[in-house]
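# Secondary and tertiary structure notes
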Amino acid sequence: MKIGAVMFFTTESMQPAPLARLLEERGFESLWVPEHTHIPSSRKTPYPAGGPLIRPYYDIMDPFLALNTAATVTTKLKVGTGIALVAQRDPIVTAKMVSTLDQLSRGRFLFGVGNGWNQDEIENHGTDFASRHKLARERIEAMKAIWTQEEPEYHGELVRFDKMKQWPKPFQKPHPPIIVGGVFPYAARRAIRYGDGWIPRADRLEKDGIGVILDKFRVMAKEAGRDPASLPITIFRVPDVLDQLKFCQEIGVDRVTFTLPAEREDKILPIVDRWSELKRQLGD
């Protein structure tokens, strides 16, 4: 089971380059960065974790620039968006950013995607909140065409462009893995339809919690004609509890990530030390 870290980088936190070097030196697999372009002062939708929205949500750096910095100072560490808000992104521009980062990292980019929960934020980008899922799907389909075709074109209900040329193509073929984040069953269906993996919301790492959900997901995948092995599971923000991590191994989770706070090195290093020991105990 692979182990990575997810962090909101801010001007006051440990920076991407030294953290990436540290994670690679310790043998961790990946570094993930969330995305929020901004946080409106109004709030039509509540913060999913409950309570007030924490400051790093609006302090966070651009994920692609942070990840490129991390990739530049490493050779093995994978870098991923955790997650990119596709419903807020122009697909032509994003396709070039993804393929460029994948080329510069020599195939180490993981494209974690999601459709967002903050209605105000989404609508500030000119996106209709109710149709964001369809828009995100069409944008991903359009990006796949750009990455894999010499003269791509796309004609959907919400995304349209005629034949065009865009390079570079991604280093990974046919493109970096598209790992879809979100709750069961809605995001699970999206992952099966156009993804290369799923990031479920895993509030309960128990057999009657995420264990049941993953069983249902694999059945859904087979019924849709997808091999469940082609849709690996990534679980974000897992606790530092050895028994729960072993359970993730037992049920076939491909990757887990632990959360690092938006803090300086003195707060980050003890957490990385703790996870290095857990990694050793898991045999990873």
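My aim in this report is to walk through the structure given alongside it, one point at a time. (Residues numbered from 1 in each chain as written. Predicted model: local features only at pLDDT ≥ 70, side-chain atom pairs only at ≥ 80, totals over all residues. Heavy atoms only, no water.)

## Focus: the nonpolar core
Which entries qualify depends on this criterion: We call a set of buried Ala, Val, Leu, Ile, Met, Phe, Trp, Tyr and Cys residues a nonpolar core when their side-chain atoms join them within 4.5 Å. For the exposure calls, accessible area comes from a 1.4 Å probe over protein chains only, and a residue counts as buried if that area is under 20% of its type's maximum, exposed if over 50%, partly exposed in between. Strands here are runs of E lasting at least two residues and helices are runs of H or I lasting at least four, both read from the DSSP assignment and numbered beginning at the N terminus. In what follows, a contact means two residues having at least one pair of non-hydrogen atoms within 4.5 Å.
Ranked by size, the top nonpolar core spans 75 residues in total, and within it Leu19, Phe111 and Ile235 carry the most contacts. In terms of residues, this core owes the most to one element, helix α6 (residues 132–148), which gives seven residues. When sequence neighbours within four positions are dropped, the list of residues in contact with leucine 19 reads Met7, Phe9, Met14, Leu31, Leu260 and Ile268.

## Describing helix α10 (residues 265–282)
Under the convention used in this document: Expected span of a helix: the number of residues minus one, times 1.5 Å. Each C-beta atom gives one direction from the helix axis, and the arc is the one those directions make.
Taking 1.5 Å per residue, 18 residues should reach 26 Å; α10 reaches 25 Å between its end C-alpha atoms and fits that length. All of the buried residues along α10 are Ile268, Val272, Trp275, Ser276, Leu278, Lys279 and Leu282. For α10, the angular spread of the buried residues around the axis is 165°, confining them to a single face. Facing away from the buried surface of α10 by more than 90 degrees, the exposed residues are Asp266 and Arg280. Tucked into the core, α10 has its buried residues touching β1 (2–7), α1 (16–25), α9 (242–250) and β10 (255–260). Taken from the residues just after α10, glycine 283 is the one with a positive phi, measuring 80°.

## Remarks on the layout of surface pockets
Sizing a probe to match a water molecule and rolling it over the atoms shows the empty space that remains. Quick note on the threshold: We place a 1 Å grid over just the protein atoms. Points where a 1.4 Å probe fits but has no way out form a cavity, open points with protein on both sides within 12 Å along at least 5 of 7 lines form a pocket, and any residue with an atom within 4 Å of a point lines it. Grid points are joined across faces, edges and corners, and a volume is the space filled by probe spheres set on the points.
Taken as a whole, the largest pocket spans an internal volume of roughly 1200 Å³. What lines the largest pocket is a set of 38 residues, and nearest its centre among them are Pro48, Tyr57, Trp117, Arg201 and Arg237. When residues of the lining of the largest pocket are traced back to their parent elements, those giving at least two are β1, α2 (56–59), β3 (78–85), α6, β7 (178–182), α7 (186–194), β8 (198–200) and β10.

## Side note on the side chain of arginine 255
Along the polypeptide, arginine 255 turns up in strand β10. Arginine 255 gets classed as buried once you look at its relative accessible area, which sits at 5%. Apart from the residues within four sequence positions on either side, arginine 255 is in contact with Met1, Lys2, Glu29, Ser30, Trp32, Leu110, Ile179, Ile233, Thr234 and Ile235.

## Considering the packing of aromatic side chains
Put simply, the test is: Aromatic rings from Phe, Tyr and Trp, with only the six-membered ring used for Trp, were paired whenever their centres fell within 6.5 Å, and each pair was classed as stacked if the ring planes differed by under 30 degrees, edge-to-face if by over 60, and tilted otherwise.
Throughout the structure, instances matching the rule amount to 11 aromatic pairs. Judged by centre distance (5.3 Å) and plane angle (80°), the rings of tyrosine 47 and tyrosine 57 are edge-to-face. With tyrosine 47 in the loop between β2 (30–33) and α2 and tyrosine 57 in helix α2, the pair connects residues that are 10 residues apart, well separated along the chain. Accessibility assignment for this pair places tyrosine 47 and tyrosine 57 in one class, buried. When the centroid spacing of 4.7 Å and the interplanar angle of 10° are considered together, the rings of phenylalanine 258 and tryptophan 275 count as stacked. With phenylalanine 258 in strand β10 and tryptophan 275 in helix α10, the pair connects residues that are 17 residues apart, well separated along the chain. Its relative accessible area of 0% is what places phenylalanine 258 among the buried residues. The buried category is assigned to tryptophan 275, whose relative accessible area is 3%. Grouped by ring-pair contacts, the aromatic residues Phe8, Tyr47, Tyr57 and Trp117 constitute a single cluster.

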